Amino acid sequence: MSERTAPRASGGQSSTGAKTPVEPDTGSRAPLTERIQATLSNAATEHRANAVAGTGQPSRRTAKTPGKAPRRARLRLTRIDPWSVMKTSFLLSVAFGVVTFVAVFMVWSVLGAAGVWDSINATVASVVEGDSNSSGFDVTNYLGMGRVLGFTLLVSIIDVILLTAIATLTAFLYNMAAALLGGIEVTLAEDER
């Protein structure tokens, strides 16, 4: 039997030092509901014991207990699921495309309301025709709202496809590199409050 399923000796203690009830050795594994109930009751007992032991201390952790360092865990990121990376990158790139489209629409609307296009038309007409101002040039024929928004939509769609593909390919490449080198090592620590 593994350590997890091995019955505990009588009067055994858990890793926190609290007494745990002894499970009788029935020769077969208990049903799942009974194991869950036993685990929950053990956790509740330990919680009550910790609550009783900590009643003399203030409710907020303002004073740091001397000599007790925060727990640290060294973990290694060995695999990234490409499917989840693809879904996430697709969603984020669609959001980025919508933001780009709305931003270009707002900028072009503000430029039109500010009279920038009329100023450009007047400047081009004065340069080309001189003082007669009879030029038929209109900058909005070349940089109109419809053309700019159509180009922005096309760029946004290409951006969604490329970003999704690149992120998914990066996940595959990371998995291959992690299989060879072991992955990225991360150290996690509890907050010191």
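Calculation rules
- Residues numbered from 1 in each chain as written.
- Predicted model: local features only at pLDDT ≥ 70, side-chain atom pairs only at ≥ 80, totals over all residues.
- Heavy atoms only, no water.
- Helix = DSSP H or I, 4+ residues; strand = E, 2+ residues; numbered from the N terminus.
- Expected span 1.5 Å × (residues − 1).
- Buried < 20%, exposed > 50% of the residue type's maximum accessible area, 1.4 Å probe, protein only.
- Axes fitted to C-alpha atoms, helices over the stretch in contact; angles between N-to-C directions.
- Parallel < 35°, antiparallel > 145°, perpendicular 65-115°, else oblique.
- Left-handed = near helix turned anticlockwise from the far one by under 90°.
- Nonpolar A, V, L, I, M, F, W, Y, C, P; charged D, E, K, R; others polar.
- Core = buried A, V, L, I, M, F, W, Y, C linked by side-chain atoms within 4.5 Å.
- Contact = heavy atoms within 4.5 Å.
- Polar contact = N/O pair within 3.5 Å; in protein donor to acceptor, adjacent residues only side chain to side chain.

## Thoughts on helix 4 (residues 145-181)
Point 1. Its 37 residues give helix 4 an end-to-end C-alpha distance of 52 Å, which sits within 8% of 54 Å, the value for a rise of 1.5 Å per residue.
Point 2. Buried within helix 4 are the following residues: Val148, Leu149, Thr152, Ser156, Val160, Thr164, Thr168, Ala171, Tyr174, Asn175 and Ala178.
Point 3. Directly beyond the C-terminal end of helix 4, a positive phi value near 105° is found at Gly182.

## What about the packing of helix 2 (residues 82-113) against helix 4?
Each packed pair of helices is defined by two parameters, the angle between the axes and the distance between the axes.
Point 1. At a minimum axis separation of 8 Å, helix 2 and helix 4 run at an interaxial angle of 160°. Relative to helix 4, helix 2 is oriented roughly antiparallel. The way helix 2 lies across helix 4 gives a crossing that is right-handed.
Point 2. Here the residues of the contact of helix 2 with helix 4 are counted per class, giving 19 nonpolar, 10 polar and one charged.

## A word on the nonpolar core
Point 1. Counting residues in hydrophobic clusters, the biggest one holds six residues: Val104, Trp108, Trp117, Val139, Val148 and Leu149.
Point 2. Elements with a minimum of two residues in this core: helix 2 and helix 4.
Point 3. Here Leu149 is in contact with Phe101, Val104 and Phe105, once residues within four sequence places are set aside.

## Structural notes on the environment of Ser89
Point 1. Within the secondary structure, Ser89 is located in helix 2.
Point 2. Given a relative accessible area of 12%, Ser89 falls into the buried group.
Point 3. When the C-alpha atoms of Ser89 and Ile166 are compared, they prove to be 9.1 Å apart, with 77 residues separating the residues in sequence.

## Comments concerning the side chain of Thr168
Point 1. Here Thr168 is to be found in helix 4.
Point 2. Accessibility expressed as a relative area gives 12% for Thr168, which makes it buried.
Point 3. Of note is the side chain of Thr168, whose polar atom sits 2.8 Å from the backbone oxygen of Thr164.
Point 4. If we ignore the near neighbours within four places in the chain, the residues touching Thr168 are Pro82, Val85 and Met86.

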